[in-house]
Amino acid sequence: MSLQDEMKNYACDHSVPVMLDDGQAFLLSKLKEYNCHSFLELGTAIGKTSILVASEFEDMRVVTVERNPDMIEQAKINISKSGVQDKITLIEGDALEIENPEGKFDCIFIDAAKAQYTRFFDKYSPILSNNGIIITDNMEFHGLVKHPENTHNRNTRQLVMKIQKYHDYLETLDDFETEFYSIGDGIAVTRRK
Ligand code: SAH
Ligand code: MG
């Protein structure tokens, strides 16, 4: 079994919300379209997407941030047997608390705590390369952002409202423009105007 399939099974068995095939294919196509050579991921989980990105592109620097010790442990195991470990730097810590990594990134992938998307954007957009893209996952959150009435769970409602707020925030920015795609769990692609 390939490492990607192994990780997919693990994620499924342990309810780890990894990006699935359609979302990942879209992500790869954007990395190609924008000729990205550096990728910063907020929310490593078990390393599935960072390993894929490092494997698919010859010349790609991958930095990925994770705060959950159990995830970090799994990610380390997976990265160590990926064959692309030299291209991946795993930063252990809270993406909102760590010092920003050195250098600029051609793609910043926001895929960590959904209630904090706006804060991630504000903290990391200054280290986006001039022609880079910020990709945000889970913008539709199981269709609930369009139809919040479909959940009666208070926490889920609040989360959904925060994603909606982030969506609106992206649209109000003067120096960035965003396209929203109904792929996977909903993906936003933001670039400088
Ligand atoms: N990008 C992964 C999936 C990430 S799931 C993939 O595509 O395979 C979301 C992850 O973000 C979880 O592992 C969670 O622990 C992590 N996370 C949430 N908030 C975080 C934060 N503030 N800093 C670092 N990691 C965070
Ligand atoms: Mg996600």
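Everything here concerns the structure above.
The structure presented is a predicted model; accordingly, all values stated were derived computationally and were not measured.

A. The arrangement of the overall build of the protein chain in detail. Of the regular secondary structure elements, the protein chain holds six helices and seven strands. Ordering the α and β elements of the protein chain from the N terminus gives α-α-β-α-β-α-β-β-α-β-α-β-β. Referenced to the eigenvectors of the C-alpha coordinate spread, the extents of the protein chain come out at roughly 45 × 40 × 30 Å. The buried share of the protein chain, reckoned over its 193 residues, is 50%.

B. View of the coordination of the magnesium ion (ligand 2). Distances from the magnesium ion (ligand 2) to its protein donors, Asp111 (OD), Asp137 (OD) and Asn138 (OD1), fall at 2.0 to 2.1 Å. Mapping the donors of the magnesium ion (ligand 2) onto the primary sequence gives the spacing D-x25-D-N. Remark: Asp137 occurs in the loop between strand E5 (128–136) and helix H6 (154–172) and Asp111 occurs in the loop between strand E4 (105–110) and helix H5 (117–124); sequence separation between them is 26 residues. Relative accessible area serves as the criterion here: at 14%, Asp111 is assigned to the buried category. Asp137 gets classed as buried once you look at its relative accessible area, which sits at 5%.

C. Region of interest: the side chain of Asn78. As for its placement among the helices and strands, Asn78 is situated in helix H4 (residues 69–80). If near-sequence neighbours (up to four positions away) are discounted, Asn78 is found in contact with Leu3, Met7, Ile46 and Ile51.

D. Looking closely at the packing of aromatic side chains. Summed over the entire model, instances satisfying the criterion amount to six aromatic pairs. Judged by centre distance (6.4 Å) and plane angle (65 degrees), the rings of Phe121 and Tyr166 are edge-to-face. Of this pair, Phe121 sits in helix H5 while Tyr166 sits in helix H6, and the two are 45 residues apart along the sequence. Note on Tyr166: relative accessible area 0%, which makes it buried. Their ring planes at 85 degrees and their centres at 6.2 Å tell us that Phe121 and Tyr169 sit as a pair that is edge-to-face. Of this pair, Phe121 sits in helix H5 while Tyr169 is found in helix H6, placing the two residues 48 residues apart along the sequence.

E. Region of interest: the pattern of salt bridges. One pass over the structure, following the stated rule, counts six salt bridges. Of the charged contacts in the structure, one is a salt bridge between Asp21 and Lys8, with a shortest N-O distance of 3.0 Å. Here Asp21, found in helix H2 (residues 21–33), pairs with Lys8, found in helix H1 (residues 3–13); they are 13 residues apart in sequence, far enough to count as distant. When its relative accessible area of 43% is taken as the criterion, Asp21 is described as partly exposed. Look at Lys8 and you get partly exposed, because its relative accessible area is 29%. When the shortest N-O distance is used, the salt bridge between Lys30 and Glu33 registers 3.0 Å. Remark: Glu33 and Lys30 occur in helix H2; sequence separation between them is three residues, near one turn of the helix. For Lys30, a relative accessible area of 8% gives the class buried.

F. Representation of unusual backbone geometry in the model. With phi around 60 degrees, Asn138 is a residue other than glycine that occupies positive phi space. By secondary structure assignment, the location of Asn138 is in the loop between E5 and H6. Here Phe141, not a glycine, exhibits a phi torsion of approximately 40 degrees, which is positive. Its place among the elements puts Phe141 in the loop between E5 and H6. On the basis of relative accessible area, Phe141 is assigned to the buried category, the value being 12%.

G. Spotlight on the site of ligand 1. Surrounding ligand 1, one finds 22 residues, the nearest of these being Glu41, Gly43, Thr49, Glu66 and Asp111. In the model, a nitrogen atom of ligand 1 is placed 2.8 Å from a nitrogen or oxygen of the Glu41 side chain. Within the complex, the protein chains bury 93% of what would otherwise be the 570 Å² of accessible surface of ligand 1. Judged by its atoms lying within 2 Å of the grid points, ligand 1 is housed in the largest pocket. At the level of secondary structure, the elements contributing two or more residues to the shell around ligand 1 comprise helix H3 (48–56) and strand E2 (61–66). Grouping the constituent residues of the shell around ligand 1 by class yields 11 nonpolar, five polar and six charged.

Scoring rules and cut-offs
- Residues numbered from 1 in each chain as written.
- Chains lettered and ligands numbered in written order.
- Predicted model: local features only at pLDDT ≥ 70, side-chain atom pairs only at ≥ 80, totals over all residues.
- Heavy atoms only, no water.
- Helix = DSSP H or I, 4+ residues; strand = E, 2+ residues; numbered from the N terminus.
- Buried < 20%, exposed > 50% of the residue type's maximum accessible area, 1.4 Å probe, protein only.
- Donors = N, O, S within 2.8 Å, 3.2 Å for Na, K, Ca; no water.
- Contact = heavy atoms within 4.5 Å.
- Phe/Tyr/Trp six-rings, centres within 6.5 Å; stacked < 30°, edge-to-face > 60°.
- Salt bridge = Lys/Arg side-chain N within 4 Å of Asp/Glu carboxyl O.
- Near = heavy atom within 4 Å.
- Polar contact = N/O pair within 3.5 Å; in protein donor to acceptor, adjacent residues only side chain to side chain.
- Areas by Shrake-Rupley, 256 points an atom, 1.4 Å probe, with all protein chains shown as cover.
- 1 Å grid on protein atoms, 1.4 Å probe; cavity = no way out; pocket = protein on both sides within 12 Å on 5 of 7 lines; lining within 4 Å.
- Sits in = over half its atoms within 2 Å of the grid points.
- Nonpolar A, V, L, I, M, F, W, Y, C, P; charged D, E, K, R; others polar.

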